[in-house]
Amino acid sequence: MSRRTTLALSFLLGVFGSLKATHNIAGQITAEVVHDTVTGNCSNYLYYKVTVTTYTNSLSPADRCDLTIDWGDNTSSTVHRSNGITGSCPNATMGVDLSSQGFANTKENVYVGFHAFPGAGTYHISVKDPNRVAGILNIPNSVNVPFYLETTITIDPLFGCNSTPYLTTIPLDKACTGHCYYHNPGAVDPDGDSLSYSIGPCLDTTGLPIAGYSLPNVIGGGSLAIDPVTGDLSWCSPGVAGKYNLVIYITEWKRLPNGNHVKIGTVLRDMSIDVQNNCNNNNPDISNLQDLCVDAGTLVNFNLTVDDPDGDSVKLQGYGSPFSSSPAASVVPSATYTAVPYNANFNWQTTCNNVRVQPWTATFKATDNHSPVALTDIESVNITVVSPGPAFLTTTPQGSQMNLSWGQNPCDPLVNPCIGYKVYRRQGPTSWMHAQCETGVPAYTGFVQIGTVTGVNNTTFVDDNNGSGLVPGVDYCYRVCAFFLDGAESYSSPESCNELRRDVPVIVNVDIMSTGLSDSVYVRWVNALANGIDFDTTQHVGPYILELERSAGYSLSSPATIATFTVNSFYQLPTVFIDTLRQTSQTPYTYRLKFYGSGGSDYIGNSQPASSTYAGAMPSDNTVTLTWQDSVPWNNFEYAIYRLNNVTGQWDSLTTVASHTYADDSLENGIDYCYYVKAHGSYFNPTLPPIQYNRSQRVCATPVDLTPPCPPQLAVNSDCSTAVNQLTWTNPINMNCGTDDVVLYHIYYAAVEGDPFELISTVTVPADTTITYSNLASVAGCYAVTAVDTFGNESAYSDIVCVDNCPVYMLPNVFTPNGDNVNDFFIPFPYQYVKDIDLKIYDRWGNLIFETTDPDINWDGRDMKSHKLCTDGVYYYTCTVNEIRLQGIVPRQLTGFVHLFGKDVGQFH
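Residues numbered from 1 in each chain as written. Predicted model: local features only at pLDDT ≥ 70, side-chain atom pairs only at ≥ 80, totals over all residues. Heavy atoms only, no water.

1. What to know about the sheet that holds strand β56 (residues 814-815)
Step number 1: Spatially, 5 strands are ordered β56-β60-β59-β57-β58 in an open sheet, and the strand pairing comes out mixed. The open sheet has two edge strands, β56 and β58 (848-852), and neither has a second partner.
Step number 2: Pairing analysis gives 4 bridges linking strand β57 (residues 834-842) to β58, with the strands arranged antiparallel. Bridging from a neighbouring strand, Lys840 pairs with Glu851 of β58. (Pairing = 2+ DSSP bridges. Helix = DSSP H or I, 4+ residues; strand = E, 2+ residues; numbered from the N terminus.)

In structure tokens, the structure reads:
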């Protein structure tokens, strides 16, 4: 073969290779847990069916009979194309031509693979294929950019068998310059998980944005947005014709049992938009639609109208989860071009299988028949399907508990099964009826959840108040609702109210009659209701015995029987006992009654325990703060506060509060004040006293000023050169902070920042807020000021202010030790704030001839060893100067030369 022939073949192979590599337009990857073909159930949450869908240029010589899927677990598989007819591809089909759908020279390719993942984790499933088609405006040199698809799944036993959403519309569309473009991926999540939507860049083969990529509107103009809830994509309006690609990120969120949502996967739809010029067309318009909430079993039926400003015929198509459910929703007429105005009807027969938290999103796409480019409009509607609740609820009292039973919830969806029931209780009936789509039992109704029952067939519950027993005389009301796997709740059951049988006494008073030398407590009760229904005297015969128990504190931790009453006739039973005891000021007391028939052999039951109200008093400046507590079976709804009038000797009513605390202020310090609290309570039961009054013990306290003044505000004016520090502060009674008196100030000082403060001065004149410290050896240090009131309460420190020294230490370069009393000694110039030094002087040969730690030095020019006068010449010194600073002693290094002259050279310095 000649060289020319070789070159020509190489060129052709290069062109052919390039053609093979330029065919990918759009695509996505979805994943589905494999279900049993017989039962339809999923038995292995790790085993997945993955579908890769690509859209390619059918004119390109490149045609992928097979693709390689990277499973994200360090393994990969080659999968065959499975859609379309058989042809030249071995073991694979040929894909489907989309020309009939308006996309000439375009083919849809579907590849399916199966994979068992090794365990729980997050996996990035991906496909890489060279290359994209040429001419994509927002992907530089797109013809040489490989095509990359990715989907992320999170596998966890907590999530069970979970599949990604699948997409019911194709990722190919056409648009016109100057007109809005609309698209919706038609995502359907088979598990009913929440979906959110966003838009982003196309990715390279590393999973990162393609270098130089920009969103379509950056090059094409207009505004690009996506509804994060419905997935409606809009581009209003492109201004530059050409091909564009972007990625729609469809993120799946799983609701956890605690109500939180966790991200468990993302499908990346890489889609293509072909914008063309000179369309001479306007978008059709779908009438606005409102979101709906319906009961399971409701037929959802509404009309939509499509119009077109150009009078073009339009077709209407429906996408989304209602169209994929069973039974499926429908639009009539659908997918046929019809003259406008186009009136269509949406029908969807909901069932219990549609009950879930996540709304069902139906998307409607209207397309006109304009040529060359058809335009669209999109509208989405969210339809929430809720479950009816249990049809009935009954309550039956038994002893100190209430037995509940209700009808099985009518809905138990296959995919989103009914997990069980929530039980709610309140005291007293309501007229509440749930509103449309108001599921569960809202807190504003006054109901509180008291229990949960697991299993759709378990329809009973025993309320014994967590083992404490319910209270006779209280009208207990209940409601029940079902809850589902994804957290959805049914409507509430009807309300059912009942009270325990009054077959035991009910305590209504534990009233402290007096506190002091002759303390006494008034205990009153209402005996069993002997009407043959609550209490039957023929079933429980006499003699009857009541035993009254008492225990210190708010519970019957160690009860003692303090009274026993035995009568032959039920109607002879007493209802009052005055308990004479000591020290009601020290503790509350709790009482309980035990009831017997047949002379004690027939134990009928006991009352609920009830305590006295016990108050405490905390004195402070001109104030006494009362707090109190009680533990009673009735409802104390308010408390009256009484104070002893020290003049009249009568108890004055001060106020009534609903809380358990009260501050009596504007009192005079040093005077004793006494109080008691009277509780106002009720069982709110017509067969019991309408209101009960029960007093606390008497408690006294003497107000005293225990509140310190506010801290002053301090400023320090420091003059380092004159060694003066002047402190100025504010009197806190002028600071509007509640301080009403100041009698003196304490000044605190720390020589080193961070050291503990020491008291250095006291100023006893409140109006004097300045002090000056002069002739200081060191101005360095930190200061704080406190204020003290007439009761000796000392404020916190003022703001701490620190100042520092300005040390000075310099040495001359000449001295003349000749005995003429002028310059006879080597001494420093006047210095300041120096603790000591470490000076060493050397001759020209490096011999140490003098050293000292005295800052004054006073070297007379003599060798410290021989004591002889040193010869004239130059001497070298090193000096460490230990300066007194705010942070402590700080060394500073000096080095230099000094000239020694044995004769007078006084003019030299």
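Alright, that's what it looks like, and here's the rest.
2. Details of the packing of aromatic side chains
Step number 1: Overall, the coordinates contain 40 aromatic pairs when judged by the stated rule.
Step number 2: Seen in terms of ring centroids, Tyr544 and Phe570 are 5.9 Å apart; in terms of plane orientation they differ by 80°. Their pairing is edge-to-face. Of this pair, Tyr544 sits in strand β35 (residues 544-552) while Phe570 sits in the loop between β36 (560-567) and β37 (576-580); the two residues are 26 residues apart in sequence, bridging distant segments of the chain. The pair Tyr544 / Phe570 is uniform in exposure class, with both members buried.
Step number 3: Seen in terms of ring centroids, Phe826 and Trp859 are 6.5 Å apart; in terms of plane orientation they differ by 85°. Their pairing is edge-to-face. Highlighted residues: Phe826 in the loop between β56 and β57 and Trp859 in the loop between β58 and β59 (873-885), separated in sequence by 33 residues.
Step number 4: Under the relative-accessibility criterion, Phe826 is labelled buried at 0%. (Phe/Tyr/Trp six-rings, centres within 6.5 Å; stacked < 30°, edge-to-face > 60°. Buried < 20%, exposed > 50% of the residue type's maximum accessible area, 1.4 Å probe, protein only.)

3. Quick notes on unusual backbone geometry
Step number 1: Cis geometry is found at the peptide bond from Val332 to Pro333, where omega equals -10°.
Step number 2: Relative to the helices and strands, Pro333 resides in the loop between β22 (330-332) and β23 (342-349).
Step number 3: Cis peptide bonds are those with omega within 30 degrees of zero, and the linkage from Gly542 to Pro543 qualifies with -5°.
Step number 4: In this fold, Pro543 is placed in the loop between β34 (520-526) and β35.
Step number 5: Its identity is not glycine, yet Asn775 carries a phi of approximately 50°, on the positive side.
Step number 6: Its place among the elements puts Asn775 in the loop between β53 (770-773) and β54 (781-788).
Step number 7: Classification of Asn775 by relative accessible area gives exposed; the value is 74%.
Step number 8: The backbone of His867 sits at a positive phi, close to 65°, despite the residue not being glycine.
Step number 9: Within the secondary structure, His867 is located in the loop between β58 and β59.

4. Digging into the side chain of Thr587
Step number 1: Summarising the element assignment, Thr587 is placed in the loop between β37 and β38 (589-597).
Step number 2: With residues up to four places along the chain from it excluded, the contact list for Thr587 reads Ala552, Gly553 and Tyr614. (Contact = heavy atoms within 4.5 Å.)

5. Some words on the pairing of strand β28 (residues 418-427)
Step number 1: Taking burial as the measure, the 10 residues of β28 include 7 buried ones, the bulk of the element.
Step number 2: Across 6 bridges, the pairing between β28 and strand β29 (residues 448-454) is antiparallel. Bridge pairing links Gly420 to Thr454 in β29.

6. Some points on the state of the cysteines
Here a disulfide denotes a covalent bond joining the sulfur atom of one cysteine to the sulfur atom of another.
Step number 1: Scanning all chains against the criterion turns up 10 disulfides.
Step number 2: Between the sulfur of Cys176 and that of Cys279 lies a disulfide, 1.8 Å long from S to S. The chirality of the disulfide connecting Cys176 with Cys279 is left-handed, given an S-S dihedral of about -100°. Remark: Cys279 occurs in the loop between β17 (261-276) and β18 (285-286) and Cys176 occurs in strand β10 (residues 172-176); sequence separation between them is 103 residues.
Step number 3: Bridging Cys477 to Cys497, the disulfide has an S-S length of 2.0 Å. What sets the handedness of the Cys477 and Cys497 disulfide is the S-S torsion sign, and at about 110° it is right-handed. In this pair, Cys477 sits in strand β31 (residues 476-484) while Cys497 sits in strand β32 (residues 496-498), placing the two residues 20 residues apart along the sequence.
Step number 4: Cys879 takes part in no disulfide bond, and the closest cysteine sulfur, belonging to Cys870, lies 18 Å away. (Disulfide = S-S within 2.5 Å.)

7. Digging into the environment of Ser696
Step number 1: Along the chain, Ser696 falls in the loop between β47 (692-695) and β48 (699-701).
Step number 2: Between the alpha carbons of Ser696 and Arg885 there is a distance of 64 Å; along the sequence they are 189 residues apart.
Step number 3: Those residues in contact with Ser696 that lie beyond four places of it in its chain are Ile512, Thr613, Ala615, Tyr676 and Val677.

8. Topic: the pattern of salt bridges
Step number 1: Applying the stated criterion across every chain, the model contains 21 salt bridges.
Step number 2: Residue Arg695 is joined to Asp511 by a salt bridge in which the shortest nitrogen-to-oxygen separation is 2.8 Å. Here the residue Arg695 occupies a position in strand β47, and Asp511 occupies one in strand β33 (residues 506-514), the gap between them amounting to 184 residues.
Step number 3: On the basis of relative accessibility, which here comes to 22%, the residue Arg695 falls in the partly exposed class.
Step number 4: Two residues, Arg592 and Glu549, come together in a salt bridge whose shortest N-O distance is 2.9 Å. Separated by 43 residues along the polypeptide, Arg592 in strand β38 and Glu549 in strand β35 bring together distant segments of the chain.
Step number 5: Bridged by salt links that share partners, the residues Asp804, Glu883, Arg885 and Arg892 form one connected network. (Salt bridge = Lys/Arg side-chain N within 4 Å of Asp/Glu carboxyl O.)

9. Brief notes about the sheet that holds β18
Step number 1: Pairing is antiparallel across the open sheet formed by 4 strands, whose spatial order is β18-β20-β23-β22. At either end of the open sheet lies a strand with only one pairing partner, and these are β18 and β22.

10. Regarding the pairing of strand β4 (residues 76-80)
Step number 1: Examined bridge by bridge, strand β3 (residues 66-70) and β4 share 5 bridges and lie antiparallel to one another. When the sheet's bridge partners are listed, Asp66 is paired in β4 with His80.
Step number 2: Linkage of β3 to β4, two consecutive antiparallel strands, is achieved through a turn of 5 residues, within which Gly72 is found at a positive phi near 85°.

11. Examining the environment of Asp664
Step number 1: Within the element layout of this structure, Asp664 appears in strand β45 (residues 661-664).
Step number 2: Owing to a relative accessible area of 5%, Asp664 belongs among the buried residues under this scheme.
Step number 3: Once the C-alpha coordinates of Asp664 and Val624 are considered, the two residues, 40 residues apart in sequence, prove to be 5.3 Å apart.
Step number 4: Residue contacts for Asp664: discarding those within four places in its chain leaves Asn622, Thr623, Val624, Arg643, Leu654 and Tyr675.
Step number 5: Reaching out from Asp664, the side chain makes a polar contact with the side chain of Arg643 at a distance of 2.7 Å.
Step number 6: Of note is the side chain of Asp664, whose polar atom sits 2.7 Å from the side chain of Tyr675. (Polar contact = N/O pair within 3.5 Å; in protein donor to acceptor, adjacent residues only side chain to side chain.)

12. Some details on the confidence of the model for the chain
Step number 1: Model confidence for the chain is summarised by a mean pLDDT of 92, while 96% of its residues fall at 70 or above.
Step number 2: Here residues 1-20 is modelled with pLDDT under 50, and outside its nearest four sequence neighbours on either side it reaches 10 contacts, counting other chains as well.
Step number 3: Scored below 50 in pLDDT, residues 904-909 shows 12 contacts in the model against residues more than four places distant or in partner chains. (pLDDT = per-residue confidence, 0-100.)

13. With respect to the environment of Thr363
Step number 1: Positionally, Thr363 belongs in strand β24 (residues 360-368).
Step number 2: The spacing of Thr363 and Leu744 is 381 residues in sequence and 80 Å in space, taken between C-alpha atoms.
Step number 3: Excluding its chain neighbours within four sequence positions, the residues that come into contact with Thr363 are Asn184, Asp232, Gln317, Gly318, Tyr319, Phe323, Ile378, Glu379 and Ser380.
Step number 4: Separated by 3.0 Å, the side chains of Thr363 and Ser380 make a polar contact.

14. As for a nonpolar patch on the surface
Step number 1: A cluster of nonpolar residues, Leu137, Val218, Ile219 and Val240, forms a patch on the protein surface that exposes about 300 Å² of accessible area.
Step number 2: Position of Val240 among the secondary structure elements: in the loop between β15 (233-236) and β16 (242-255).
Step number 3: By relative accessible area, Val240 is classed as partly exposed at 35%. (Patch = residues over 30% accessible without salt bridge, like charges linked within 9 Å, V, L, I, M, F, W, Y side chains within 5 Å. Areas by Shrake-Rupley, 256 points an atom, 1.4 Å probe, with all protein chains shown as cover.)

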